[in-house]
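Chain by chain, the residues:
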Amino acid sequence: MRRFFLFAFLLVGAVGLRAGGWVLDSSTLTYRVTHRLHKVEGTSHGARGKGLCDGSGCRFLVAAPVNTFDSGDSNRDLHMIETTRGAQFPMVKVSVNLAAVPAGEAFTADLSIEFAGKSHRYASVPFRVADRSAGLRFTGQIPLRLTDFSVPAPSLLGMAVKDDVPVDVEMSWSQKP
Amino acid sequence: MNCVRLAIAAALIFSSFPVPGFSEESGPSLSLDDLGFKEDQTRGNAELQNQLHRRSRMLKTHQILGLATAVPLIATVMTAPEYESATPGGVNSETKTHRALGVTAGAMYLTTASFAFFAPEGEGVKRNKGLTKVHKALAWIHFPAMIAAPILGYQAYKQADRGESVHGAAKHHKEVAGLAAGTYTAAMLVMVFNF
């Protein structure tokens, strides 16, 4: 019986050691829209993410429902969902490949984003590591543009919002046991 | 000891087997299913998208008509004649202009309101949050005022036409119309700066 458990332990350990897993504990994603009359921010805390690492590198996937972004006004949020085709494509997905888990105070990453039914790649987006005491917490800004995803720019009084809609990112990751 | 060697050998062999979620050729892979979202969160809804599109179109029309309605509404207020006392000879052309503008403003107002009233409600977002709530709340004031103002105005018109001084409820036409115009303008400005 002891031999059996030793055998099983070594077997599971050998498999487990191959995979490093990460899970997104908490996140804050904030988009910023600029119009001549005023600025608007919408924030989501509804993102979920996972990461897998092995000898060939790390892959991370983060996704958030479009309808979790809250700008403080329900009418505006509904219009945002309509404009970004959020009912038809309800999730915004971000895929990242890294050579290894970031070790320094800052790192850059190539982001592949699926949003509003379109895909776009942002190269070398800088992020700053804020804390490593309990996993990995970092912040950054994704330089998103409406035209990258064929999203028509909303307008008021004949003036459209700016094409640049940067998304501030703050994420806390921890390793799976 | 042989068992230990056997166990280590087996571990080395099995460590080369593929791991669920990993691909030897392309490394580890992840999908939305791995993140734990519910199916209704990740599934697209074309019907809801069409409904939201219809809503946006109607509210955009409501917005444009609302801005356009402000023109005859303000013009109506500015062309309001004074009938503090009896006016010999009845109404004059200034009153007729005021009346025509008022009718125009009223018709445009009701058309504007209908686009908002009949626009589909949205799903998936908490309703009536933010300054849109104020915009909707102001309608409870300017809508009844816009109904009452022309009624009182007509009464005042008839009294003036008979050469009488404006009296009774009709003498409040100015205040009611002013309330309607004021709250309407406030409702408009709230949405202009709440875009």
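Report follows, based on the coordinates. None of the values given here were measured: they were computed from a predicted structure.

**Re the side chain of H35 of chain A**
Residue and element names in this part refer to chain A. Looking at where H35 falls in the secondary structure, it is placed in the loop between β1 (20–34) and β2 (39–44). In this structure H35 comes out as buried when scored by relative accessible area, which is 5%. Among the polar contacts listed, one links the side chain of H35 to the backbone nitrogen of L37, at a separation of 3.0 Å.

**Structural notes on the pairing of strand β11 (residues 167–175) of chain A**
Residues and elements named next belong to chain A. For β11, the tally of buried residues reaches 7 of 9 residues, placing the bulk of the element in the interior. Pairing geometry for β1 and β11, over 9 bridges, is antiparallel. Bridging from a neighbouring strand, S26 pairs with S172 of β11. One ladder, built from 7 bridges, connects strand β8 (residues 136–142) with β11; its direction is antiparallel.

**Description of the state of the cysteines**
Residue and element names in this part refer to chain A. Counted according to the given criterion, the structure contains 1 disulfide over all chains. Each disulfide pairs two cysteine sulfurs, and for C53 the partner residue is C58, the sulfurs being separated by 2.1 Å. Taking the sign of the S-S torsion, 115° for the link of C53 and C58, the bridge is right-handed. By relative accessible area, which is 10% here, C53 ends up buried.

**Thoughts on unusual backbone geometry**
Residues and elements named next belong to chain A. In this structure, A116 takes a positive phi of about 55° despite not being glycine. In this structure, A116 sits in the loop between β6 (106–115) and β7 (118–131). In this structure, S124 takes a positive phi of about 50° despite not being glycine.

**As for helix α5 (residues 131–161) of chain B**
Residue and element names in this part refer to chain B. In this model α5 runs 44 Å from its N-terminal to its C-terminal C-alpha over 31 residues, within 8% of the 45 Å that 1.5 Å per residue would give. Largest kink in α5: about 30°, centred on W140, with the proline P144 one to four residues after it. For α5, the full list of buried residues reads T132, L138, H142, A145, M146, A149, L152, G153, A156, Y157, Q159 and A160. A positive phi of about 85° marks G163, the residue just after α5.

**Some points on the packing of aromatic side chains**
All names here are of chain A. The final tally for this structure, using the stated rule, is 10 aromatic pairs over all chains. On the numbers, 5.8 Å between centres and 45° between planes, the contact of Y31 with F69 is tilted. Of this pair, Y31 sits in strand β1 while F69 sits in the loop between β4 (57–65) and α2 (74–83); the two residues are 38 residues apart in sequence, bridging distant segments of the chain. We classify Y31 as buried; its relative accessible area is 10%. Geometrically, the ring pair formed by F107 and F138 is edge-to-face, given 5.4 Å between the ring centres and 85° between the ring planes. Taken together, the residues span a long stretch of sequence, with F107 in strand β6 and F138 in strand β8 at a distance of 31 residues. Residue F107 is classed as buried on the basis of its relative accessible area of 13%. Look at F138 and you get buried, because its relative accessible area is 9%. Every member of this aromatic cluster is reached through a ring pair, and the members are F107, F127 and F138.

Calculation criteria
- Numbering of residues starts from 1 in each chain and follows the order in which that chain's sequence is written.
- Each chain gets a letter, beginning with A, and each ligand a number, beginning with 1, in the order they are written.
- Local features in this predicted model are restricted to residues whose pLDDT is 70 or higher, and side-chain atom pairs enter the listing and the counts only when it is 80 or higher, whereas totals over whole chains, interfaces and linings include all residues.
- Where side-chain values are given, they derive from all heavy atoms of the structure, hydrogens and water being excluded.
- Where helices and strands are cited, they refer to DSSP runs of H or I of at least four residues and of E of at least two residues respectively, numbered from the N terminus.
- Relative accessibility under 20% of the residue-type maximum defines a buried residue, over 50% an exposed one, and the middle range a partly exposed one, all with a 1.4 Å probe and only protein chains included.
- Between N or O atoms, a polar contact is any pair within 3.5 Å; within protein, one atom must be a potential hydrogen donor and the other a potential acceptor, and residues adjacent in sequence are included only when both atoms are from side chains.
- Pairing between two strands is assigned when DSSP locates at least 2 bridges connecting them.
- Note on terminology: pairs of cysteine sulfur atoms within 2.5 Å are recorded as disulfides.
- An expected span of 1.5 Å times one less than the residue number is assigned to each helix.
- By definition, a residue's bend is the angle between the axes fitted to the seven residues ending there and the seven starting there.
- Any Phe, Tyr or Trp ring, taking Trp's six-membered ring, that has another such ring centre within 6.5 Å forms a pair; planes under 30 degrees apart are called stacked, those over 60 apart edge-to-face, and the others tilted.

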